[in-house]
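Results of the structural survey
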Amino acid sequence: MEKQVVLGEELGPLSDNERLKRESNFLRGTITNDLKNEITGGFDADNFQLIRFHGMYQQDDRDIRNERAKQKLEPLHNVMLRARMPGGVITPKQWLAIDKFATESSLYGSIRLTTRQTFQFHGVLKPNIKLMHQTLNSIGIDSIATAGDVNRNVLCSSNPVESELHQQAYEWATKISEHLLPKTRAYAEIWLDGEKLETTDEEPILGSNYLPRKFKTTVVVPPDNDVDLHANDLNFVAVAKDGKLVGFNVLVGGGLAMTHGDNSTYPRKADEFGYISLENTLDIAAAVVTTQRDWGNRSNRKNAKTKYTLDRVGIDVFKQEVEKRSGVSFEPIKPYQLTNRGDKFGWLEGIDGKHHLTLFIENGRLLDYPGKPLKTGVAEIAKIHTGDLRMTANQNLIVAGVPLKDKQKIEKIAFEHGLLDPTTSKQRQDSMACVAYPTCPLAMAEAERFLPQFVTDVEGILKKHSISDDESIILRVTGCPNGCGRAMLAEIGLVGKAPDRYNLYLGGNKAGTRVPKLYKENISSAQILQDIDSLVERWAAERLADEAFGDFVIRDGIVKEVIVSKRDFHA
Ligand code: SRM
Ligand code: SF4
């Protein structure tokens, strides 16, 4: 007997976001009026949400919020923009244009590389918003659907070595991104002064009320899992024959966010649905999205993502619906292995004879620091580089496709501007934090500003216990349980609760295929360092040969393994 599935809109009273999407006239709202309103730097309640579908978030600097309130000033409203860059590929010409905009027209002057292979501008004031979109449009970049209840920027493994396979995977990331984009003309009308894109206002895939919640997609080239596929709703894992892409293993239902104190929320790995051949990729993508569109919870946004839909209706029921909608039957999963997530720093030679330089950018923040003019350095490279630049999902940057003759020149610039630093430890390279303060309105604790010193302290602990320099622990800090820094796939994950208070999670693995488990709740960074010190001491003394920290804490019973999140994560 066919199981009855309750549609997402029948699960309870609709959330207010459903009303505002319905009333928005395909994402237009009254944004244009708000733009003209010079009395406030902000947007009204509905437009505050709607601008997200256009890739922007309204923010203010939390460091100066109280001071401004004392002076009876409204918060210094501004927007953060997140660009759409499938696979993170950007040309030097585009880079120079975004560098110019960040320097001249944003409050912070920085370019922030994100955990989803794109860049953000922080601190763009209302009078500069249109200029920003028009600047981006003039260089072939947009910010459509990088936020809001839609399919977000599509990730693709940054694998510069197997150049041909990477190129094919990247092309699919771009095709999937285009296929799942909103079709509304709103973006062009509002930001590009009525210049029309060739679209209608029908939304055959996303629907007129768009998706119940954000939706994330990746294309992965094993064995690298640098995109952290288990953080994503829909994943296409490349299957190659003789170095050529022939199809994808499809995994559905990953996601990392949770809410403190709400056990109905949890980080969850994606499930394997099966193998498909290449020509079915877009149909499967659309079928997964439309199934989630119709079945995802539209009443409670905390339980609205695909991961909860799968756990509510059952994996098999969801999968059968995808097969029904696409007319494609999944074949059994083809063997594949994910082994690592780190970027490969320094120079690598691709099989096409081109050279690729991966630069470590701490926290992805490109800015000119005293003695370390990182942003200028990348711009100087872009001025002479003939290949492309690739942002990685670990917030780093690859100078890709360098001919042999330019290698030395580029390396020199990188050294001179602090972009190549031989003293950077492997531990630092394997550590990551989300943005958090001062721009993120949801931050409960520091993350980006906290990480550098914290890593120095952890480096000291590893040294004290004679852990060799070529080993590290995947360490991630995230300023609140939304999990933007992907702490919920780390060997050591810190999740912010309050200023200098974090929950400490342990037990992810190197490949990113295991969710960690709570070890201690609501503790200070000093306490966390003490705990890490004693845990590393035990690891150093009792580990099996080559046993990673995350594997050790599970084998030793320090935390229990999370196998099925719904059952195990809060148990
Ligand atoms: Fe995120 C919201 C930053 C990757 C889960 N995220 C936010 C906002 C926009 C805060 C807000 O809603 O007002 C943050 C802006 C901070 C700022 O000032 O820039 C923010 N998220 C980021 C970035 C920039 C972190 C970074 O340090 O790089 C990443 C941008 C990605 C991109 O380019 O698209 C970023 N966010 C992630 C990830 C990691 C990933 O996707 O690989 C996650 C966890 C994976 C997942 O989705 O489960 C993530 N962000 C969230 C959530 C929780 C979603 C949920 O399922 O409940 C929120 C809050 C929300 O949506 O309500 C959020
Ligand atoms: Fe902000 Fe929380 Fe995301 Fe960090 S994890 S960027 S604090 S929403």
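Residues numbered from 1 in each chain as written. Chains lettered and ligands numbered in written order. Predicted model: local features only at pLDDT ≥ 70, side-chain atom pairs only at ≥ 80, totals over all residues. Heavy atoms only, no water.

**Quick notes on the site of ligand 1**
The condition that has to hold: Proximity is defined per residue: any heavy atom of the residue falling within 4 Å of a molecule or strand makes that residue near it. Any pair of nitrogen or oxygen atoms within 3.5 Å is treated as a polar contact; in protein, a donor-acceptor pairing is required on top of that, and neighbouring residues in sequence qualify only through side-chain atoms on both sides. Per the convention used, a helix needs a DSSP run of H or I reaching at least four residues, while a strand needs a run of E reaching at least two, with both numbered from the N terminus.
The environment of ligand 1 is formed by 32 residues, the closest being Thr-114, Leu-256, Thr-439, Cys-484 and Arg-486. Between an oxygen atom of ligand 1 and a side-chain N or O atom of Thr-114, the distance comes to 2.6 Å. Between ligand 1 and the protein, one listed contact pairs an oxygen atom with a backbone N or O atom of Thr-115 at 2.9 Å. The set of elements that each furnish at least two residues to the shell around ligand 1 consists of strand 1 (56-59), strand 2 (78-82) and strand 5 (119-124).

**Structural notes on the packing of helix 9 (residues 281-295) against helix 11 (residues 315-326)**
Formally: Helix axes use the C-alpha atoms of the stretch in contact, all axes being lines fitted to C-alpha atoms, and the angles between their N-to-C directions lie in the range 0 to 180 degrees. Note on angle classes: values under 35 degrees are labelled roughly parallel, values over 145 roughly antiparallel, values of 65 to 115 roughly perpendicular, and the remainder oblique. If you view the pair so one helix is near and one far, a crossing is left-handed when the near helix is turned anticlockwise from the far one by less than a right angle, and right-handed when it is turned clockwise. What makes two residues a contact is simply this: any of their non-hydrogen atoms within 4.5 Å.
Look at helix 9 against helix 11: their axes get within 8 Å of each other, and the N-to-C directions meet at 125°. Here helix 9 lies oblique to helix 11, going by the angle between them. Helix-helix and strand crossings are classified by hand; for helix 9 and helix 11 the assignment is right-handed. Taking contact as the criterion, the partners of Asp-283, Ile-284, Ala-287, Val-288, Thr-290, Thr-291, Gln-292, Arg-293, Asp-294 and Trp-295 in helix 9 are, on helix 11, Val-317, Phe-318, Glu-321, Val-322, Arg-325 and Ser-326.

**Quick word on the pairing of strand 10 (residues 271-277)**
The line we're drawing: The rule is simple: take the accessible area with a 1.4 Å probe, protein chains only, and divide by the maximum for that residue type; under 20% is buried, over 50% is exposed, in between is partly exposed. At least two DSSP bridges between two strands are needed for those strands to be called paired.
Most of strand 10 is tucked away, with six of its seven residues classed as buried. For strand 9 (residues 244-252) and strand 10, the ladder comprises six bridges, and the chain directions are antiparallel. Within strand 10, the residue paired with Asn-249 across the bridge is Tyr-275.

**Details of the UniProt feature "binding site: [4Fe-4S] cluster" (unreviewed entry) in the protein chain**
Note the following rule: UniProt positions are given in the numbering used here, feature names are shortened, and annotations may be inferred rather than shown by experiment.
Mapped onto the present numbering, the UniProt feature "binding site: [4Fe-4S] cluster" (unreviewed entry) falls on Cys-434, Cys-440, Cys-480 and Cys-484. Of the residues just listed, which span 51 residues, no C-alpha pair is farther apart than 10.9 Å, and they cluster in one region. Structurally, the position occupied by Cys-440 is in the loop between strand 18 (431-433) and helix 15 (451-464). Taking relative accessible area as the criterion, Cys-440 reaches 22% and is therefore assigned partly exposed. Excluding residues within four positions of it along the chain, Cys-440 makes contact with Gln-59 and Arg-62.

**So, the coordination of the iron atom of ligand 1**
Stated formally: Listed donor atoms are N, O and S within 2.8 Å of the metal (Na, K and Ca: 3.2 Å). As water is not included, a site may look incomplete.
Inspection of the coordination sphere of the iron atom of ligand 1 shows a single protein donor, Cys-484 (SG), at 2.3 Å. For Cys-484, the location among the structural elements is in the loop between strand 19 (475-478) and strand 20 (492-498).

**A look at empty space enclosed by the protein**
Let me state the cut-off plainly: Residues are called lining when one of their atoms sits within 4 Å of a cavity or pocket point, these points coming from a 1 Å grid over the protein atoms alone, where a cavity is a set in which a 1.4 Å probe fits but cannot get out and a pocket is an open set with protein on both sides within 12 Å along at least five of seven lines. Grid points are joined across faces, edges and corners, and a volume is the space filled by probe spheres set on the points. Charged residues are taken to be Asp, Glu, Lys and Arg, nonpolar residues to be Ala, Val, Leu, Ile, Met, Phe, Trp, Tyr, Cys and Pro, and polar residues to be all remaining types, Gly included. Note that the domain bounds were set by an automatic or database domain assignment.
Counted under the stated rule, the structure contains three cavities of 30 Å³ or more. Considering only enclosed or pocket space, the largest cavity measures out at about 140 Å³ in volume. Every residue lining the largest cavity is counted, 16 residues in all, and those nearest its centre are Asn-394, Gln-429, Asp-430, Ser-431 and Met-432. Residues belonging to the lining of the largest cavity are distributed by class as follows: five nonpolar, seven polar and four charged. Volume-wise, the second largest cavity comes out at about 80 Å³. Taken together, Ser-158, Pro-160, Asp-224, Asp-226, Gly-342, Asp-343, Lys-344, Leu-348, Thr-358, Thr-392 and Ile-398 make up the full set of residues lining the second largest cavity. Of the residues belonging to the lining of the second largest cavity, the class tally is three nonpolar, four polar and four charged. Of the residues that make up the lining of the second largest cavity, three or more belong to each of domain 1 (159-184 + 205-341) and domain 2 (346-421).

**Structural notes on the site of ligand 2**
Lining the immediate surroundings of ligand 2 are Cys-434, Val-435, Ala-436, Cys-440, Leu-442, Ala-443, Thr-478, Gly-479, Cys-480, Asn-482, Gly-483 and Cys-484. In terms of residue class, the shell around ligand 2 is built from eight nonpolar, four polar and no charged.

**Quick word on the sheet that holds strand 19**
Overall, mixed pairing links the five strands, which are arranged 18-19-20-21-22 in an open sheet. The sheet is open, and its two borders are formed by strand 18 and strand 22 (517-523), each paired with just one other strand. Averaged over all pairs of adjacent strands, the angle between their axes in this sheet comes to 15°, without regard to strand direction. Two strands pair when backbone bridges link them, and strand 18 and strand 19 are joined in this way by three bridges, in the parallel orientation. In the strand pairing of strand 19, Ser-431 is matched with Leu-475. Its contacts with the sheet place helix 16 (residues 525-542) against strand 20, strand 21 (501-506) and strand 22, and it is angled at close to 145° to strand 22.

**Describing the layout of surface pockets**
Taken as a whole, the second largest pocket holds about 700 Å³ of empty space. Around the second largest pocket, the lining comprises 34 residues; the ones closest to its centre are Phe-360, Glu-362, Asn-363, Lys-372 and Leu-374. Contributions of two or more residues to the lining of the second largest pocket are made by strand 12 (355-359), helix 14 (426-429) and helix 15. In terms of residue count, helix 14 provides more of the lining of the second largest pocket than any other element does, three residues in total. Looking at the lining of the second largest pocket residue by residue, the class counts come to 14 nonpolar, eleven polar and nine charged. Residues from two domains meet in the lining of the second largest pocket; each of domain 2 (346-421) and domain 3 (427-569) gives at least three.

**Describing the sheet that holds strand 6 (residues 155-156)**
Reading across the sheet, the five strands line up as 6-7-8-9-10 and stay open at both edges, with mixed pairing between neighbours. Only two strands of the sheet have a single neighbouring strand rather than two, namely strand 6 and strand 10. In the packing of helix 11 onto the sheet, contacts are made with strand 9 and strand 10, and the angle to strand 10 comes to roughly 20°.

**Thoughts on helix 5 (residues 92-105)**
Under the convention used in this document: Given a helix with a known number of residues, its expected span is that number minus one, times 1.5 Å.
Across its 14 residues, helix 5 extends 20 Å between first and last C-alpha, which sits within 8% of the 20 Å expected from 1.5 Å per residue. Among all positions of helix 5, only Pro-92, Gln-94, Trp-95, Ala-97, Ile-98, Asp-99, Phe-101, Ala-102 and Ser-105 are buried.

**Overview of the pattern of salt bridges**
Let me state the cut-off plainly: Between Lys or Arg on one side and Asp or Glu on the other, a salt bridge is scored when a side-chain nitrogen of the former is within 4 Å of a carboxyl oxygen of the latter.
For the structure shown, the criterion picks out 51 salt bridges. Residue Lys-70 pairs with Glu-67 through a salt bridge whose shortest N-O separation is 3.8 Å. Placement of the pair is Lys-70 and Glu-67 together in helix 4 (residues 65-70), with a separation of three residues, close to one helical turn. A relative accessible area of 64% means that Lys-70 is categorised as exposed. Put simply, Arg-428 and Glu-459 hold a salt bridge, and the shortest N to O gap is 3.4 Å. With a gap of 31 residues between them, Arg-428 in helix 14 and Glu-459 in helix 15 connect regions that are remote in the sequence. Among the residues examined, Arg-428 registers a relative accessible area of 13% and is labelled buried. Beyond isolated ion pairs, a larger network of salt bridges with shared partners links Glu-18, Lys-21, Asp-149, Arg-298 and Arg-301.

**Considering the nonpolar core**
To keep things clear, this is the line we draw: By nonpolar core is meant a set of buried Ala, Val, Leu, Ile, Met, Phe, Trp, Tyr and Cys residues that side-chain atoms within 4.5 Å join together.
If you look at the biggest cluster of nonpolar residues, it comprises 96 residues, and the most contacted ones within it are Trp-95, Ile-98, Phe-119, Phe-121, Met-132 and Phe-236. Considering every element that reaches this core, the biggest residue donor is helix 9, with seven residues. Looking at this core, you find at least three residues from each of domain 1 (159-184 + 205-341) and domain 2 (346-421). By size, the runner-up hydrophobic cluster in this structure holds 36 residues, among which are Tyr-437, Leu-451, Phe-454 and Val-455.

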